[in-house]
Structures are given as structure tokens and as C-alpha cells.
Amino acid sequence: MEAVKIDQKDINNAAWAACDTFRGVVDPAQYKDYILVTLFLKYISDAWRDHYEEYRQQYGDDDVRIRRKLERERFVLPKGASFYDLYEQRNEANIGELINEALDAVEEANKTKLEGVFRNIDFNSEANLGKTKDRNRRLKMLLEDFHKPQLDMRPSRVSEDVIGNTYIYLIERFASDSGKKAGEFYTPHKVSELVAKLAGPKPGDRICDPACGSGGLLIEAAREVKDRNFALFGMEVNGSTWALARMNMFLHGADGARIEWCNTLTGPALVENDRLMKFNIVIANPPFSLDKWGADEAENDRFNRFWRGVPPKSKGDWAFISHMVEAALIKEGRVAVVVPHGVLFRGAAEGRIRQSMIEENLLDAVVGLPGNLFPTTNIPVAILVFDRSREKGGANENRKDVLFIDASRDYLPGKNRNALSDEHIRKIVDVYRARKNVDKYAYVATFEEIMENDFNLNIPRYVDTFEEEEEIDIDAVQREIEQLEHELTNLRTKMAEMLKEIVR
């Protein structure tokens, strides 16, 4: 009998309910790693079980033969390391240690894909999970929650997309709960979708996110390609977030993605032959105005990424943009990056770098978005699109203008955060592709106009969204006043007559 399929909402709700064990006791920024790692282990255990059953039907009870077959699968689950082995041991006094050992064994058996992924998590940590008795109780509840039928993630029952989406759903919920202090690992899904569409990856492209967080933007860019002919690359400075990105890639079937744990600005790891690797598409939502980003080392950067100028020590925005442009293929690569508005108009070194990139004819579009889209900040942001095919010798070298889009008034208001709808995204992408003026929404500016504005890219300088107030008819207003005064006089006369009749 065919297994019953479950839908996305059910599995999302069940996974979110499993967080109750930690809520109010452990900070979401910490417990998210425990939940996401458990979800990952449960998924690979269910997938393994499903395949074991499939082979058992072919080979009967020949365990050796079945295991030999399973060893050729996408990943290997060593004996004793599955979620179900741990579930059976959930009452043991050292359950935290047992989970750690199982994760070590999984990592060891899948070194090429999962090496280091679990190194930052400790299920036996007193600091994170409490003293032994409390810790054991929480871990037992966690295992029991994930053992519920709703979280049966066998591939015969749940598609890989559903698991991947649940993972992203949890990351989004954790980002909202963590608020400004820890939400940087996540880019709202709709913003990721928009950035990916503006970047426009094609089959065969190498796609890189040098500040990849949990990897959502890379997944969206991969979806845009429509087939599996792409290569994904990422860099992330935070170890826990890097692990989330690796698991995210695995859960979305992007096992070959190369995600490096490194500081992109001071020590990028995506390097070949001592040079920066080059990509067809470079996308990112880097941390806004990062302080102490490494300006001191930038002068002597061995990849010469900051030759246009070194951005200020306290604002790393143009440092990320400089890296991205340098990592894009010459005369071909495209860059789409989310930035705070200050990037558009700040002066000094930032102004000089901005001017240089415009004079090199690299800037293709500036898209202003509404405020309050992110869990980390309520400021409005913009997306800059750079296109190296506009360089001399590139396919678009004759395109000299820059498209400005002001989409700041198009959003779905929310209780905590605003959001973009499919329609808002479609409108921006259509106008970007059509590259045309749209009244109070988009303007194609010439190089000369931008130069006249002293290379200031502040969007209101180019897109006039001023709404004229309706003209007031002074004569009509005067007539209305006279009418009201006449009515008031009549009322007063009537009132005086009525008062005379009252016996005092």
C-alpha cells in the first residue's frame, strides 16, 4: 500500500512544536542548532531506513548484501548512529554523550560531505542545556518529539523539497525569534528570491555567495537555474552558521556545494592557483556596515581587491562589494548585493570607490526596497546590480545607463515585519528586464546625469515619487464657510427664542 503523503504545513508545525522543550529556558540563538541538527539526523535516518527496506525486499534478510548496497548511497549511516538507535537509548544517563558519539560517527563516515559540520555542537553541554538531570530530560523530550509520526521523513512519504523547505522555515522562525542580536544568519525568503532573479543565473554557471549565512540565497539562485547544471560556492565566517549552510545544501540535494568556513574579507578560502576564484554569478546579503572588518590589512591585500580604495574601518559595505566585483568573471560575471542606503551616497573613500565603479561602467541597476523587511534591522535597503559584461569588450559594453527602481512603497505590512509579495517581485523583475522609465517607479539615468549628481545614487534624485496635492478651490471653500455661518446664525436665533420661553 502506498504511504500517505504529508504536506508542508504539517511537518513545519510538528518541527516547530518540538522547540517547546527549549523555549523560555534556552535562548533561540542557541537551541536552533540542536533542533536543526536533530532534524538533519532524523532525515538521514529515515532516508536510510527507507532504502534499507527497499533493498530488503530485493535481497531478503541478507544484511551484509544490503549494507554493501547502502554503502554506495549518497551518504553512509554507521551502525548504532541512527536517530532510532538514540531514541532507544533515550533514558540513558549519558544520552548527551551518546548523541555526540553518533554525530562523530556520521561525520567520520561521510568526510567529504559532512566533515566538521557537527564540531560546533555539544549535546552534553551543561552551559547550553543545563545540569545533568535537566539536560537528560530535555534530550529525551527532543528525541520523543522527533519520533512522532508527523516527523516521519522517509523519502517514500515526504519529498526532498519538503524537508529542505522545513529546514528553511525553521531558520526563518529562529531568525524572527532571535531578533536583532542573532538574525544575521538569514535573508528573508522573498528578498533572496528577488536577488536571485535579478542576478539571473543560467545553466552551467558557477554561483557564489561570499557571505552565505545559512545558504538560503544560494538555494534560491540554484532554483532559478531550473535544472541541476550549476555549481554552488559559499563562504561564511561564523562556524555554527557555516554548519547550518552545509546541512542546508545537503537537504536540498546540493551535496557538491563547496561552503568554506573563513573570513571573506581578510582570508578568503575560495582561491585557486593563489588567485581569487572567479564566478559567473556573485550574490550576497552581507552584514550591514560591518565594524572592524579588516581595513588595516586591506592596503596589502594579496588579491588586490581594494585597488579602488579602502573603505572606512567602521563600515565594511564597499569592502564586500569590492570583493564581489573582483570575484565576478571579467567581461561576463554578474553581481547582486543587498546594501543599506548609506552605500548609495556616503562620501570620502566610499564615494571614490562608487565613482570608480560607475566610471568603469560596471553598475547596471539600483533597486530601492521598503523598510522593515529584515529581522536584524528596520531600515530600508537597496539591491545593487553590477554587470561585468558592460566592461570594454563585453557583450553589453554599449550600455552606459543605470536603471533606478523605487519599490519602497510596495510591500505587505506585517505585525513585526513587512514582506514582499510575488506580485511585487514580478513588477521589479519585469521593469528591470524591460529597462524602461515608469512614472514614479523607475528611471533610466544616463552617465552624465549621475555625474551631475556627483555620483550620488540616492534614489529620489532620479525617481520622482512626489505626489502633487489636489488643488484647492478657494471660491468653493468660501461659499461653504458662508453657508455654515448662515446656518449657525439661524440656529442661534432659534436657540434664543426657545430660551425666552423657559420659565426661570
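An unreviewed UniProt entry annotates the protein chain as site-specific DNA-methyltransferase (adenine-specific) of Pelotomaculum isophthalicicum JI. On record in UniProt, under Sequence similarities (unreviewed entry), the comment for the protein chain is "Belongs to the N(4)/N(6)-methyltransferase family."

Chemist: How do you make sense of the packing of aromatic side chains when you look at a structure like this?
Modeler: For any pair of aromatic rings, the description rests on two quantities: the centre-to-centre distance and the angle between the ring planes. The final tally for this structure, using the stated rule, is 13 aromatic pairs. An angle of 55° between the planes, with centres 6.1 Å apart, marks the rings of F40 and F118 as tilted. One end of the pair, F40, is in helix α2 (residues 28-59); the other, F118, is in the loop between α6 (111-114) and α7 (126-129), and 78 residues separate them in sequence. Comparing F40 with F118, the two get one shared label, buried.

Chemist: Mind showing me how you'd approach the side chain of R390 here?
Modeler: Looking at where R390 falls in the secondary structure, it is placed in the loop between β9 (381-387) and β10 (402-406). Within the structure, R390 has its side chain in polar contact with the side chain of N361 (distance 2.6 Å). Among the polar contacts made by the side chain of R390, one reaches the main-chain carbonyl oxygen of D401 at a distance of 2.8 Å. Among all residues touching R390, those that are not within four sequence positions of it are N361, L362, L363, D364, N396, E397, R399, K400, D401, V402 and R435.

Chemist: Got a minute to help me understand the pattern of salt bridges in this structure?
Modeler: Pairing is possible between side chains of opposite charge, provided their charged atoms come close. Summed over all chains, the structure comprises 32 salt bridges. The partner of K111 in a salt bridge is E108, and the shortest N-O contact between them spans 3.6 Å. In this structure, R388 and E391 form a salt bridge, with 2.7 Å as the shortest nitrogen-oxygen distance. Put simply, R334, D364, D387, R390, R399, D401 and R435 are held in one network by salt bridges that share partners.

Chemist: Which parts of the structure should I look at to understand the packing of helix α10 (residues 189-199) against helix α11 (residues 216-225)?
Modeler: A pair of packed helices is characterised by two quantities: the angle between their axes and the separation of those axes. Put simply, α10 and α11 touch, their axes get as near as 8 Å, and they point 50° apart. Looking at the two axes, α10 sits oblique to α11. As α10 runs across α11, the sense of the crossing is right-handed. Contacts between α10 and α11 pair H189, S192, E193, V195, A196 and K197 from the former with G216, L217, E220, A221, R223 and E224 from the latter. Across the contact of α10 with α11, the residue classes tally to 4 nonpolar, 3 polar and 5 charged.

Chemist: I would appreciate a short explanation of the UniProt feature "domain: N6 adenine-specific DNA methyltransferase N-terminal" (unreviewed entry) in the protein chain in the present structure.
Modeler: As annotated in UniProt, the feature "domain: N6 adenine-specific DNA methyltransferase N-terminal" (unreviewed entry) corresponds to residues 12-146 in the numbering used here. Counting secondary structure, residues 12-146 comes out at 67% helix and 0% strand; the distance between its end C-alpha atoms is 12 Å.

Chemist: Would you mind showing me how to read the pairing of strand β1 (residues 206-209) here?
Modeler: Here is the key point about a regular strand: its side chains alternate between the two faces of the sheet. The sheet contact formed by β1 and strand β2 (residues 231-236) spans 4 bridges and is parallel. From the neighbouring strand, I207 faces β2, where its bridge partner is L232. Since β1 and β2 lie parallel, the crossover through α11 that links them has a hand, and here it is right-handed. With 2 bridges connecting them, β1 and strand β6 (residues 281-284) associate as parallel partners. Counted as the bridge partner of C208 is V282 from β6.

Chemist: It is not clear to me how unusual backbone geometry should be interpreted in this structure. Could you clarify?
Modeler: Peptide bonds are trans in most cases, and residues, glycine excluded, mostly fall at negative phi. Here K226, not a glycine, exhibits a phi torsion of approximately 80°, which is positive. The exposure class assigned to K226 is exposed, which follows from its relative accessible area of 69%. For N304, which is not glycine, the phi torsion reads 55° and is therefore positive. As for its position among the elements, N304 is in the loop between α13 (295-298) and α14 (317-327).

Reading the values: the criteria
- Along each chain, residue indices are assigned from 1 in the same order as the chain's sequence is written.
- Under the rules for a predicted model, residues below a pLDDT of 70 receive no local features and side-chain atom pairs below 80 are neither given nor counted, while totals for whole chains, interfaces and linings still include all residues.
- The side-chain quantities take in all heavy atoms of the structure and omit both hydrogens and water.
- UniProt positions are given in the numbering used here, feature names are shortened, and annotations may be inferred rather than shown by experiment.
- Centres within 6.5 Å are what make two rings of Phe, Tyr or Trp a pair, Trp counting through its six-membered ring; a difference in plane orientation under 30 degrees is then read as stacked, over 60 as edge-to-face, and the rest as tilted.
- Starting at the N terminus, helices and strands are each numbered in turn, a helix being any DSSP run of H or I of at least four residues and a strand any DSSP run of E of at least two.
- Exposed residues in this analysis have more than 50% of their type's maximum accessible area, buried residues have under 20%, and partly exposed residues fall in between, with area computed by a 1.4 Å probe over protein chains only.
- A 3.5 Å cut-off defines polar contacts: any pair of N or O atoms within that distance qualifies, except that in protein one atom must be a possible hydrogen donor and the other a possible acceptor, and neighbouring residues in sequence count only when both atoms are side-chain atoms.
- Residue contacts are counted whenever heavy atoms from the two residues lie within 4.5 Å of one another.
- A pairing counts as a salt bridge when a side-chain nitrogen of Lys or Arg comes within 4 Å of a carboxyl oxygen of Asp or Glu.
- In this analysis, axes come from line fits to C-alpha atoms, helices being fitted only over the stretch in contact, and the angle between any two N-to-C directions falls in the range 0 to 180 degrees.
- With respect to orientation, any angle under 35 degrees is reported as roughly parallel, any angle over 145 as roughly antiparallel, any angle of 65 to 115 as roughly perpendicular, and every other angle as oblique.
- Helix crossings fall into two classes, left-handed where the near helix is turned counterclockwise from the far one by less than a right angle and right-handed where it is turned clockwise.
- Under this grouping Gly is polar, as are all residues other than the nonpolar Ala, Val, Leu, Ile, Met, Phe, Trp, Tyr, Cys and Pro and the charged Asp, Glu, Lys and Arg.
- Strands pair, by our definition, only if DSSP identifies at least two bridges between them.
- When the strands point away from the viewer and the path from the first strand over the helix to the second turns clockwise, the crossover is right-handed.

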